[in-house]
There are 2 protein chains.
Amino acid sequence: MMRVGVLASGGGSNFQALVEALNAERSAAQVVVLVCNVPGAKAIERAKAAGVAVEVIEHGRFGKDRAAFDAALVEALKQHRVELVCLAGFMRLVGQTLLSAFPQRVLNIHPALLPAFPGMHAQQQAVSYGVKVSGVTVHLVDEGTDTGPVVAQTAVPVLDDDDEQALASRILVEEHRIYPEVVKLFAAGKVKVEGRTVRISR
Amino acid sequence: MMRVGVLASGGGSNFQALVEALNAERSAAQVVVLVCNVPGAKAIERAKAAGVAVEVIEHGRFGKDRAAFDAALVEALKQHRVELVCLAGFMRLVGQTLLSAFPQRVLNIHPALLPAFPGMHAQQQAVSYGVKVSGVTVHLVDEGTDTGPVVAQTAVPVLDDDDEQALASRILVEEHRIYPEVVKLFAAGKVKVEGRTVRISR
């Protein structure tokens, strides 16, 4: 069984989707801990309700020392013997300290078809640009912003009258579907990373 | 009937797709001329076989005077009373002279989901990046490179073993489908441009 740690800062709907899809008996992957940098975030409530361990690590405590914050994240994840790390609305950049502790085992989900619309407010960026197709990307995290190798993508239509909220809701449905799917592929040993190319054996 | 002019430099498979989809009796749009900047291009052969008028305008004749080249294009298009201009593998940037002669009536087709992978070799860019979804974009042309308002997009899957050629072929099928469809929407008066947003009334 692959032990999954989720890092979230906010509502935690992707955390919830991962827990619901994975935390069944004899599942090949299971969410064992939520690490949250924002006390009072709704994700914490969700974790408690689901019986998942919670570690709160406030980034403010570390000032500008990002490596120390990263080290604290790593320590918490290692304590829970995490093998795969899923960022799910985690509003801090993670650095080399965390990445080298979990080589090719830190995932992020982004609400656009990267490399289109990286960074914040991807759905609003898509609406403002006027694209007709956007989507969702699960990628391995590297030190850039949303630049790591792509593991999976799903296209989502943008409708003429979409505002940011309407598009975000449509994309979120796919996020909740695709993220657990990717975690299961990792747990099944079906993901191979070759440079920027990620191959899935089916 | 909306009179369509196609600008091409090469093989002209999109020209051919437009002719085949549009040049039927009582069609709402019809390709009336191929303008080509490369003597001997295969597109010219195709036009002759299809009974479509051809104008060859070699860009080399104009040296670095892009406005003069543009003016010659406009003259040829106006001679054929063209109302809608479709770039289809036209390997020259078009400038303000052409754009203001056909305001919001110059289209281009690009083999990627813009704003991802603009410019040359979009399919190779997609393969190199390692995306799982690419596609095709039909957009209004502005003075940037592949930056104009998006009229239509279709997603196309990228498979693990795709090389540039395999992906290009899969995208080309969608190009041949989507480009005539967009021209028909213009001919039917169903396309409304509001800033960067292009609305299609169905």
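Just so it is clear, the structure is predicted and the values come from calculations on it, not from any experiment. (Residues numbered from 1 in each chain as written. Chains lettered and ligands numbered in written order. Predicted model: local features only at pLDDT ≥ 70, side-chain atom pairs only at ≥ 80, totals over all residues. Heavy atoms only, no water.)

Scanning all chains against the criterion turns up 12 salt bridges over all chains. Across the pair Arg177 of chain A and Glu181 of chain A runs a salt bridge, and its minimum N-O distance is 3.2 Å. With a gap of 4 residues between them, Arg177 of chain A and Glu181 of chain A both fall in helix H6 (residues 164–187), about one helical turn apart. Owing to a relative accessible area of 39%, Glu181 of chain A belongs among the partly exposed residues under this scheme. Three or more residues joined by partner-sharing salt bridges are found here, namely Asp161 of chain A together with Glu194 and Arg199 of chain B. (Salt bridge = Lys/Arg side-chain N within 4 Å of Asp/Glu carboxyl O. Helix = DSSP H or I, 4+ residues; strand = E, 2+ residues; numbered from the N terminus. Buried < 20%, exposed > 50% of the residue type's maximum accessible area, 1.4 Å probe, protein only.)

Residues and elements named next belong to chain B. Strands sit in the order S3-S2-S1-S4-S5-S6-S7 across an open sheet of 7 strands; the sheet is mixed. Of all the strands in the sheet, just strand S3 (53–56) and strand S7 (150–157) have a single pairing partner and so form its edges. Here the strands of the sheet are splayed against their neighbours by 20° on average, with no regard to which way each runs. Relative to strand S4 (residues 84–87), strand S1 (residues 2–8) runs parallel, the two sharing 4 bridges. Across the sheet, residue Val4 finds its bridge partner in S4, namely Leu84. Contacts from helix H1 (residues 13–22) reach S1, strand S2 (29–36), S4 and strand S5 (106–110), with the element oriented near 155° to S2. (Pairing = 2+ DSSP bridges. Axes fitted to C-alpha atoms, helices over the stretch in contact; angles between N-to-C directions. Contact = heavy atoms within 4.5 Å.)

Residues and elements named next belong to chain A. Read across the sheet, 7 strands follow the order S3-S2-S1-S4-S5-S6-S7 without closing on themselves; strand pairing throughout is mixed. At either margin of the open sheet sits one strand with a lone partner, and together these are strand S3 (53–56) and strand S7 (150–157). For this sheet, the mean inter-axis angle between neighbouring strands, taken without regard to orientation, is 20°. Sitting on the sheet, H6 is in contact with strand S1 (2–8), strand S2 (29–36), strand S4 (84–87), strand S5 (106–110), strand S6 (133–140) and S7, with an inclination near 155° to S7.

Counting residues in hydrophobic clusters, the biggest one holds 99 residues, and the most contacted among them are Leu107 of chain A together with Leu107 of chain B. Those residues in contact with Leu107 of chain A that sit more than four places away from it in its chain are Leu84, Val85, Cys86, Leu87, Val138, His139, Leu140, Val141, Val151, Tyr179, Val182 and Phe186 of chain A. (Core = buried A, V, L, I, M, F, W, Y, C linked by side-chain atoms within 4.5 Å.)

What follows deals with the pairing of S2 of chain A. Residues and elements named next belong to chain A. The buried count for S2 comes to 7 of 8 residues, which makes it a mostly enclosed element. Of the strand pairs in this sheet, S1 and S2 are connected by 7 bridges, and their pairing is parallel. Each residue of the ladder has a partner; that of Gly5, found in S2, is Val33. Regarding the hand of the β-α-β motif, the stretch spanning S1, helix H1 (residues 13–22) and S2 is right-handed. (Right-handed = clockwise from strand over helix to strand, strands pointing away.)

With 25 residues of chain B in contact, the opposing surface of chain A contributes 25 residues. A buried area of about 2,100 Å², summed over both sides, lies between chain B and chain A, and 51% of it is on carbon and sulfur atoms. On the chain B side of the interface with chain A, the three residues burying the most area are Tyr129, Lys132 and Asp160 of chain B, jointly 30% of the side's total. At the boundary of chain B and chain A, one finds 2 salt bridges. A salt bridge links Asp161 of chain A to Arg199 of chain B; the shortest N-O distance between them is 2.5 Å. If you look at where chain B meets chain A, you find 14 residue pairs in polar contact (both at pLDDT 80 or more). Considering every element that reaches the side of chain B that touches chain A, the biggest residue donor is S7 of chain B, with 6 residues. Tallied by class, the residues present in the side of chain B that touches chain A amount to 14 nonpolar, 5 polar and 6 charged. (Buried area = accessible area lost by both parts, 1.4 Å probe. Polar contact = N/O pair within 3.5 Å; in protein donor to acceptor, adjacent residues only side chain to side chain. Nonpolar A, V, L, I, M, F, W, Y, C, P; charged D, E, K, R; others polar.)

Below, the discussion takes up H1 of chain B. All names here are of chain B. In terms of burial, H1 is largely enclosed, as 7 of its 10 residues are buried. Listed as buried for H1 are Asn14, Phe15, Gln16, Ala17, Leu18, Val19 and Leu22. Structurally, H1 contributes buried residues whose contacts are with S1, S2, helix H2 (42–50), S4, S5 and helix H6 (164–187).

Residues and elements named next belong to chain A. Across the junction of Leu114 and Pro115, the peptide omega takes the value 10°, indicating a cis bond. Here Pro115 is to be found in the loop between S5 and helix H5 (122–129). For His121, which is not glycine, the phi dihedral falls at a positive 55°. As for its position among the elements, His121 is in the loop between S5 and H5.

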